[in-house]
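# What the coordinates show
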Amino acid sequence: MNRLLLFLVLLFAGMYLSCGSSTQLEGVAIGEIQLEGEYAEEVTEDLEKALAAAGAAVNQSNAPNLVGTITWEWAGEKEHTYPTLVKIFMQSQPAEGNFTVTARYEVDAGAQPQDISRYRREVVERAVHRIAVQSRDAT
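The notes below deal with the structure included here. Computed from a predicted structure; not experimentally measured.

A few words on the packing of aromatic side chains. Evaluated as defined, the whole model comprises three aromatic pairs. A centroid spacing of 5.1 Å and a plane angle of 55° characterise the contact between Y39 and W72, whose relative ring orientation is tilted. Note that Y39 is positioned in the loop between β2 (33-36) and α2 (40-53) and W72 in strand β4 (residues 65-75), a separation of 33 residues in sequence. By relative accessible area, which is 7% here, W72 ends up buried. Centre to centre, the rings of W72 and W74 are 5.8 Å apart; their planes meet at 20°, and the pair counts as stacked. Among the residues examined, W74 registers a relative accessible area of 31% and is labelled partly exposed. Ring pairing ties together the aromatic residues Y39, W72 and W74, which thus form one cluster.

Here it is in structure tokens:
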């Protein structure tokens, strides 16, 4: 019963975020996104697309940059490694941009280990949500 309730809550939260995402960051301007770490280029690309889809103006020359790191924790042996945790940390530079974003996605036990794109997508969605919350709180 608890699992069903949790599933329904997550389902409705996902529907809320996807339905309202086109305007949740309207009026937010972000400069370059500069991430370091494994899959940084792919995550940066995903993040830029997700922010733009949520209504943010991305790659604006007069807006603060988001600078940070993406960290992957791995388990397994040699060529059979798989991610167990993905973390992202970003902050505005210059600091007046007011964004400090931390997001993490812990891979479920028994999940498809090779589904790196899903884990990237999960952490990007969480980062966009954190930015939306911070921009909403700033107004």
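There is more to say, and it comes next.
As a further point, take the pattern of salt bridges. What the rule picks out here adds up to five salt bridges. The salt bridge involving D46 is made with R120; its shortest N-O contact spans 2.9 Å. With D46 in helix α2 and R120 in helix α3 (residues 116-138), this residue pair connects regions lying 74 residues apart in the sequence. Close ionic contact of K87 with E73 constitutes a salt bridge, the shortest N to O distance being 3.3 Å. In this pair, K87 is assigned in strand β5 (residues 82-93) and E73 in strand β4, connecting sequence segments 14 residues apart. Note on K87: relative accessible area 30%, which makes it partly exposed. Given the relative accessible area of 33%, E73 is considered partly exposed.

Definitions and cut-offs
Residues numbered from 1 in each chain as written. Predicted model: local features only at pLDDT ≥ 70, side-chain atom pairs only at ≥ 80, totals over all residues. Heavy atoms only, no water. Phe/Tyr/Trp six-rings, centres within 6.5 Å; stacked < 30°, edge-to-face > 60°. Helix = DSSP H or I, 4+ residues; strand = E, 2+ residues; numbered from the N terminus. Buried < 20%, exposed > 50% of the residue type's maximum accessible area, 1.4 Å probe, protein only. Salt bridge = Lys/Arg side-chain N within 4 Å of Asp/Glu carboxyl O.

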